[in-house]
Amino acid sequence: MGIIKLCSLVVAILASSSCSNSPEQGKPVRERLADQGYLLEKVIAETEQPLLPLDNIKTKYKDPSPEPSLLSFLRVKQPQSPDCNQERSCTDSNHVDINSQGDSDSDTSNTDGSERPSRIIEQNSSYPSQDLDLVQLPNEDSFQAVNKIYTSDLEDGPQLTQIAEYQNVKFNQLSSPDSLHTINATITDDITISGGLDQRFKFGKIEMIQRDSIGSVHSMNYAGDR
Amino acid sequence: MTCIKTLLLLLPLMAFCNATYADSWTITQSTSATSSSTTILQEGSSAGAVQAVNSINLNGLNSTVNDGSSQQFNGGENNLTLRQHNGTTSSIQAINRVYAHTINGLTQGARLVGGPQNLTFDQASNIGNSNTQSLNDATTSVTGTINKLAQSVLDTATVTMQMTQSAGTQNVQAGNLIKTGELSSTSGDVSQTVRIGIVKQVQSNTSQSIQSGNALVTLGGSTATGGTLTQSFEGSSFGFLGFTFTQTSVSNSVQARNYAGEAL
């Protein structure tokens, strides 16, 4: 992801600085890229240089699409340990309020506005003595999970851990075509990202039914495409 | 002119950016049932659906499951039942399932330990066509490769495999299932092991269906590269009516301990 987005950014910078004769040309680079959906976190390029050394650019891509980002569902506490620094962000347990009525994204929000995790993420939803109802009722193209990570929000090479434990689990996907229903989910749509993933789920008793759900995935641990 | 020069400068960069980058993952997935029997149901109009305990589903063009990956299910001292029925078509039900282009090293294990547990596969009446049901399912895209894989079903006391269907065709039921066009040529790199107590296999009213403890279903027809596979089916009670086959009113269907070949 990093390489492609970096390249996209450089292309955007160069193309906009060299090929445009519009009034946009007079705008600073930051403003013009912001108009295109890019958010420059640390940009050295407040200049109009046509070519920039790649290692001088550090960017953060703000996806203009309405797809939920990692920030939308992780409650991040950081730094947590000496291992956490700018290059190795950490997260604490992912506390998720499960809506059993089939919300498309039953997630909680990142409440502290902290940085996006980049390298090491651990989501832990272990409640060995508690029950869980995770039921996807009539929906279409929906996604419900306890722990959820989109690798497209991460730098290349992440080390990810997702852990969940409950006692009695009701885990049903009912009349939900083209949907994804999971306990632990890591979405790897961005094929430029590679890494490590550890998913663990333990339960006492489970009811697991997939009914009338054409083209859907129903899985306790899931790593793959959306 | 400046624009043209800049675009010329950008061409190599754009080509670099358009290069294909594989997603390559080392994944460990584990699931444990601690206190009760488990029944997993797939039913109704579920065409093209996937239901699994542990599932890896990477892209079929250039993805890689790295060596060191594993999928494990520990059912403890409990029963486990997989059931597909009532209209399900072209769907997959598995305990551990992986789909990728290349599998460089994966261990898939399903285990029930301790007491006299029952493991039941059931593709029941009114099921549709082209479904698969297995404990361990490793599938690649047609051009994909499995370089290292170990599938095992261990220590289950009694296994019942039932395909009692009314009109289903091209259904597959297996303890360990591999679907690919190319395996490693080195002996021992890819293996399927079933080690259990008693097995009962029942197949009735099926057409073009496969029911087997271990199964390799080759992809790609005559273009498949092939490879080397070790299949092992061991039972502790086979000498005392521990293994029974029953096949009734079927058409072009297979019942076996170990199967390797094309889909029927």
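We now turn to the structure provided with this report. (Residues numbered from 1 in each chain as written. Chains lettered and ligands numbered in written order. Predicted model: local features only at pLDDT ≥ 70, side-chain atom pairs only at ≥ 80, totals over all residues. Heavy atoms only, no water.)

1. Here's the deal with unusual backbone geometry
So, step 1. One non-glycine residue, A:Asp178, lies in positive phi territory at about 55°.
So, step 2. Following the sequence through the fold, A:Asp178 ends up in the loop between strand S7 (159–174) and strand S8 (180–187).
So, step 3. Since its relative accessible area comes to 40%, A:Asp178 is described here as partly exposed.
So, step 4. Positive phi is not limited to glycine here, since B:Asn126 has a value of about 70°.
So, step 5. Of note, B:Asn126 is situated in the loop between strand S9 (118–123) and strand S10 (132–146).
So, step 6. Using a relative accessible area of 48% as the deciding quantity, one classes B:Asn126 as partly exposed. (Helix = DSSP H or I, 4+ residues; strand = E, 2+ residues; numbered from the N terminus. Buried < 20%, exposed > 50% of the residue type's maximum accessible area, 1.4 Å probe, protein only.)

2. Overview of the packing of aromatic side chains
Each aromatic ring pair is characterised by the separation of its centres together with the angle its planes make.
So, step 1. Summed over the entire model, instances satisfying the criterion amount to five aromatic pairs over all chains.
So, step 2. Centroid distance A:Phe143 to A:Tyr150: 6.3 Å. Interplanar angle 70°. Geometry classified as edge-to-face.
So, step 3. Classification of A:Tyr150 as buried rests on a relative accessible area of 8%.
So, step 4. Aromatic side chains A:Phe201 and A:Phe203 sit 5.5 Å apart centroid to centroid with 35° between the ring planes, which places their arrangement in the tilted category. This pair shows no difference in class: A:Phe201 is buried, exactly as A:Phe203 is.
So, step 5. Positioned over the ring face of A:Phe143 is A:Lys148, at 4.1 Å from the centre of the ring.
So, step 6. Lying across the ring of B:Phe243, B:Arg257 places its NZ or CZ 4.3 Å from the centre. (Phe/Tyr/Trp six-rings, centres within 6.5 Å; stacked < 30°, edge-to-face > 60°. Lys NZ or Arg CZ within 6 Å of the ring centre and 35° of its normal.)

3. Considerations on the interface of chain B and chain A
So, step 1. Taken together, the contact between chain B and chain A spans 48 residues of the former and 48 residues of the latter.
So, step 2. At the boundary of chain B with chain A, total buried surface from both sides reaches about 3,900 Å², with 55% on carbon and sulfur atoms.
So, step 3. Counting the contacts that link chain B with chain A gives one salt bridge.
So, step 4. Here A:Arg211 and B:Glu43 are joined by a salt bridge, their closest N and O atoms 2.6 Å apart.
So, step 5. At the boundary of chain B with chain A, the tally comes to 45 residue pairs in polar contact (both at pLDDT 80 or more).
So, step 6. Among the elements that take part in the side of chain B that touches chain A, strand S1 (residues 24–33) of chain B stands out by supplying 10 residues, more than any other.
So, step 7. Classifying every residue of the side of chain B that touches chain A gives 22 nonpolar, 24 polar and two charged. (Contact = heavy atoms within 4.5 Å. Buried area = accessible area lost by both parts, 1.4 Å probe. Salt bridge = Lys/Arg side-chain N within 4 Å of Asp/Glu carboxyl O. Polar contact = N/O pair within 3.5 Å; in protein donor to acceptor, adjacent residues only side chain to side chain. Nonpolar A, V, L, I, M, F, W, Y, C, P; charged D, E, K, R; others polar.)

4. Overview of the side chain of B:Asn96
So, step 1. By secondary structure assignment, the location of B:Asn96 is in strand S7 (residues 92–103).
So, step 2. Contacts of B:Asn96, omitting those with residues within four sequence positions, involve B:Asn54, B:Gln71, B:Gln72, B:Phe73, B:Gln108, B:Gly109, B:Ala110, B:Leu135, B:Asn136 and B:Asp137.

5. Some thoughts on the pairing of S8(A)
It is a general feature of regular strands that their side chains alternate between the two faces of the sheet.
Residue and element names in this part refer to chain A.
So, step 1. Within S8, eight of the eight residues are buried, which leaves the element mostly enclosed by the surrounding structure.
So, step 2. Two strands pair when backbone bridges link them, and strand S5 (residues 143–144) and S8 are joined in this way by two bridges, in the parallel orientation. Note on S8: the bridge partner recorded for Phe 143 is Leu 180.
So, step 3. Across four bridges, the pairing between strand S6 (residues 147–150) and S8 is parallel. Each residue of the ladder has a partner; that of Tyr 150, found in S8, is Ile 187. (Pairing = 2+ DSSP bridges.)

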